[in-house]
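# Structural overview for review
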Amino acid sequence: MNPRIGVTLPQFSGDISLLRSAARRAVDSGLDSLWVFDHMWPLGQRKRSILECWSTLSFLAAATSEIGIGTLVTRSSLRNPAVLARMAATVARIAPGRLTIGIGSGDEESKAENVAAGIPYYSGADRFVQLAETVATLRGHLQGEDLSVPVWVGGRSRGAREVAATHADGWNCWAAAPTEFASEAKQVSEAAGDRRLELTWGGLFVAAQDDSAARAVLGHRDPAPYLVGGPDVVAERLASLAAAGATHIIATFPDAGKPGGYEVLGTVKKRLGWT
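Residues numbered from 1 in each chain as written. Predicted model: local features only at pLDDT ≥ 70, side-chain atom pairs only at ≥ 80, totals over all residues. Heavy atoms only, no water.

### Notes on the overall build of the protein chain
In terms of regular secondary structure, the protein chain is built from 10 helices and nine strands. Over its C-alpha atoms the protein chain spans a radius of gyration of 18 Å, differing by no more than 12% from the 19 Å that the globule rule assigns to 275 residues. A principal-axis box enclosing the C-alpha atoms of the protein chain has dimensions of 45 × 40 × 35 Å. Across the 275 residues in the protein chain, those meeting the buried criterion constitute 51%. In the protein chain, the proportion of contacts linking residues at least 24 apart, taken out of those at least 6 apart, comes to 72%. Carbon and sulfur atoms provide 51% of the accessible area of the protein chain, an area that totals close to 12300 Å². Side-chain charges in the protein chain split into 28 positive and 28 negative, and the spacing between the mean points of these groups amounts to 3 Å. (Helix = DSSP H or I, 4+ residues; strand = E, 2+ residues; numbered from the N terminus. Rg over C-alpha atoms; globule rule 2.2 N^0.38 Å. Buried < 20%, exposed > 50% of the residue type's maximum accessible area, 1.4 Å probe, protein only. Contact = heavy atoms within 4.5 Å. Areas by Shrake-Rupley, 256 points an atom, 1.4 Å probe, with all protein chains shown as cover. Lys, Arg positive; Asp, Glu negative; His and termini not counted. Charge placed at Lys NZ, Arg CZ, Asp CG, Glu CD.)

Set out below in structure tokens:
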């Protein structure tokens, strides 16, 4: 089976019309899924606008059809697990068969959001105990309501991988090179035993009609975290990730509010025959 291809949306503008038009562009480009992050503010930019994760998902559930929607990732500590389960069930009923819940424990970069809101932040082994309990609550609640919603655990730490292998329906790996992804995915699969998990990847892209144009879009950003290039470069990376075992590939573009990246991704998807 060919991998599915998704994109994160431009929620850090606070502009719902921009988000709506980006979602439409992704659909028109033939992509498979739309994703939102879960932060109280963009990392390191407390005064910048943001569209809240689950409110945005509810909007997307009603504003789209057929295309998948999900969280990359919702934070296990920001909401009471029972409340989160009820929120997820509501979105799942608005968008039957289209919701995937990516969930993670958060890390030191996001700690300030918890602290500012007076929400407990878990560290060390407690992070993964709390994460596992939240995943179990989510899955139990959704199954009790007869809702089929995949729950992925995101994170490359040993603890996150163990929770994914033991409790979740899938694992999401952020920003790994294809060889790293293959190695870590093998560890998750082996730990899962007979349980079959989705092995998924997410990361940063800057794409345009050719390599030169992509470098121009990158501008003064540090190129290290990004895959930068035209359709050939993007196609090579997608094919490498697929060969490494990725069943769902999710791209984040810093210029997602503008035409370009989504459209290149859709063109490459068709070129690879992943329809």
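### Regarding the side chain of threonine 56
Its place among the elements puts threonine 56 in helix H2 (residues 53–63). By relative accessible area, threonine 56 is classed as buried at 4%. Aside from chain neighbours lying at most four places away, what touches threonine 56 is Leu19, Val36 and Leu51.

### What about the pattern of salt bridges?
Per the counting criterion, the structure on display carries 14 salt bridges. With its nearest N and O atoms 3.7 Å apart, the salt bridge here joins arginine 156 to glutamate 180. In this pair, arginine 156 is assigned in the loop between strand E5 (151–154) and helix H6 (158–167) and glutamate 180 in helix H7 (residues 178–192), connecting sequence segments 24 residues apart. Overall, glutamate 180 belongs to the partly exposed group, its relative accessible area being 38%. (Salt bridge = Lys/Arg side-chain N within 4 Å of Asp/Glu carboxyl O.)

### Some remarks on unusual backbone geometry
Cis geometry marks the peptide bond from leucine 72 to valine 73, where omega comes out at -10°. Of note, glutamate 66 is a non-glycine position whose phi angle comes to about 75°, a positive value. Mapped onto the fold, glutamate 66 is located in the loop between H2 and strand E3 (68–75). For glutamate 66, a relative accessible area of 76% corresponds to the exposed category. Phi at aspartate 146 takes a positive value of approximately 60°, unusual for a residue other than glycine. Turning to its location among the elements, aspartate 146 is positioned in the loop between helix H5 (125–144) and E5.

### Thoughts on the pairing of strand E1 (residues 4–8)
Counted residue by residue, E1 has four buried out of five residues, so it is predominantly covered. In this structure, E1 lies alongside strand E9 (residues 248–252), joined through four bridges in parallel fashion. Bridge pairing in E9 links glycine 6 to isoleucine 250. In this structure, E1 lies alongside strand E2 (residues 33–36), joined through three bridges in parallel fashion. Note on E2: the bridge partner recorded for valine 7 is leucine 34. In this region the chain leaves E1, passes through helix H1 (residues 16–28) and returns to the parallel neighbour E2; the handedness of that crossover is right-handed. (Pairing = 2+ DSSP bridges. Right-handed = clockwise from strand over helix to strand, strands pointing away.)

### Some thoughts on the environment of alanine 22
Along the chain, alanine 22 falls in helix H1. Taking the relative accessible area as the measure of exposure, alanine 22 reaches 0% and is therefore buried. Residues alanine 22 and serine 212, 190 residues apart in the sequence, show an inter-C-alpha distance of 24 Å. In contact with alanine 22, not counting residues within four places along its chain, are Leu9, Pro10, Ala256 and Tyr262.

### Things to note about the packing of aromatic side chains
Tallied over the entire structure, the rule returns seven aromatic pairs. Note on tryptophan 171 and phenylalanine 181: the rings are 5.8 Å apart at their centroids and 15° apart in plane angle, and the pair reads as stacked. Of this pair, tryptophan 171 sits in strand E6 (residues 170–174) while phenylalanine 181 sits in helix H7, placing them 10 residues apart in sequence. The same class applies to tryptophan 171 as to phenylalanine 181, namely buried. With a centroid separation of 5.9 Å and 65° between ring planes, the pair formed by phenylalanine 253 and tyrosine 262 is classed as edge-to-face. (Phe/Tyr/Trp six-rings, centres within 6.5 Å; stacked < 30°, edge-to-face > 60°.)

### Looking at the packing of H1 against H2
Following both chains from N to C, one finds H1 and H2 inclined at 50°, their axes separated by 11 Å at the closest point. Comparing their axes, H2 and H1 come out oblique. The way H1 lies across H2 gives a crossing that is right-handed. On H2, the residues touching Ile16, Leu19, Arg20 and Ala23 of H1 are Thr56, Phe59 and Leu60. Here the residues of the contact of H1 with H2 sort into five nonpolar, one polar and one charged. (Axes fitted to C-alpha atoms, helices over the stretch in contact; angles between N-to-C directions. Parallel < 35°, antiparallel > 145°, perpendicular 65-115°, else oblique. Left-handed = near helix turned anticlockwise from the far one by under 90°. Nonpolar A, V, L, I, M, F, W, Y, C, P; charged D, E, K, R; others polar.)

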